[in-house]
Amino acid sequence: MLDYKYDTQLLIEGKNLSEDEIHDYIMKNIEGDCLIAVGDEELIKIHFHTNTPWKVLEYCASLGDIYDVVIENMARQSDGLQG
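All figures in this text were calculated on a predicted structure; none of them were measured in a lab.

(A) Highlighting the overall build of the chain. Of regular secondary structure, the chain possesses three helices and four strands. Reading the helices (α) and strands (β) of the chain from amino to carboxyl end gives β-α-β-β-α-β-α. On C-alpha atoms alone, the chain measures out to a radius of gyration of 13 Å, which is about the 12 Å that the 2.2 N^0.38 rule sets for 83 residues. Burial status across the chain gives 34% buried among its 83 residues. For the chain, the proportion of contacts with a sequence separation of at least 24, taken over those separated by at least 6, is 64%. Taken as a whole, the chain presents about 5300 Å² of accessible surface, with 47% of it coming from carbon and sulfur. If the 6 positive side-chain charges of the chain are averaged to one point and the 17 negative ones to another, these points end up 7 Å apart.

Structure (structure tokens):
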């Protein structure tokens, strides 16, 4: 049984982005695990397991343009189905 169902991945393009601030905000405000927030001041890659991917999208969209959004249902994948 998975604690967090959705593998949420995206890119944020913006200005003055801080991977540390983004990481800290997500960990403090959105329940999940396996967070990766890497990049530079103009482009950040996010990878996060959560049950509320819409909260990740909403927060990230407030920082800049989001694209290459992928949300995969890991529970379906573990059952041999398309995620």
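Moving on from the model shown.
(B) Quick peek at the nonpolar core. Grouped together as the largest cluster of nonpolar side chains are 14 residues, with contacts concentrated most on Ile-12, Ile-22, Ile-26 and Ile-46. Taken together, the elements giving at least two residues each to this core come down to strand S1 (6-13), helix H1 (19-29), strand S2 (32-39), strand S3 (43-50) and helix H2 (53-61). Ignoring sequence-local partners within four residues, the contact set of Ile-22 consists of Ile-12, Leu-17, Ala-37, Ile-44, Ile-46, Tyr-59 and Leu-63.

(C) Spatial organisation of the packing of aromatic side chains. Considering all chains together, one arrives at one aromatic pair under this definition. With a centroid separation of 3.9 Å and 15° between ring planes, the pair formed by Tyr-25 and Tyr-59 is classed as stacked. One end of the pair, Tyr-25, is in helix H1; the other, Tyr-59, is in helix H2, with 34 residues separating them in the sequence. Judged by relative accessible area, which is 36%, Tyr-25 ranks as partly exposed. Residue class for Tyr-59 comes out buried when judged on its relative accessible area of 14%.

(D) How the structure looks around the sheet that holds S3. Strand order in the open sheet formed by four strands is S2-S3-S1-S4, with antiparallel pairing between adjacent strands. At either margin of the open sheet sits one strand with a lone partner, and together these are S2 and strand S4 (65-73). When the angles between neighbouring strand axes are averaged without regard to direction, this sheet yields 10°. Across six bridges, the pairing between S2 and S3 is antiparallel. The partner of Asp-33 across the bridge, within S3, is His-49.

Rules used in this analysis
- Residues numbered from 1 in each chain as written.
- Predicted model: local features only at pLDDT ≥ 70, side-chain atom pairs only at ≥ 80, totals over all residues.
- Heavy atoms only, no water.
- Helix = DSSP H or I, 4+ residues; strand = E, 2+ residues; numbered from the N terminus.
- Rg over C-alpha atoms; globule rule 2.2 N^0.38 Å.
- Buried < 20%, exposed > 50% of the residue type's maximum accessible area, 1.4 Å probe, protein only.
- Contact = heavy atoms within 4.5 Å.
- Areas by Shrake-Rupley, 256 points an atom, 1.4 Å probe, with all protein chains shown as cover.
- Lys, Arg positive; Asp, Glu negative; His and termini not counted.
- Charge placed at Lys NZ, Arg CZ, Asp CG, Glu CD.
- Core = buried A, V, L, I, M, F, W, Y, C linked by side-chain atoms within 4.5 Å.
- Phe/Tyr/Trp six-rings, centres within 6.5 Å; stacked < 30°, edge-to-face > 60°.
- Pairing = 2+ DSSP bridges.
- Axes fitted to C-alpha atoms, helices over the stretch in contact; angles between N-to-C directions.

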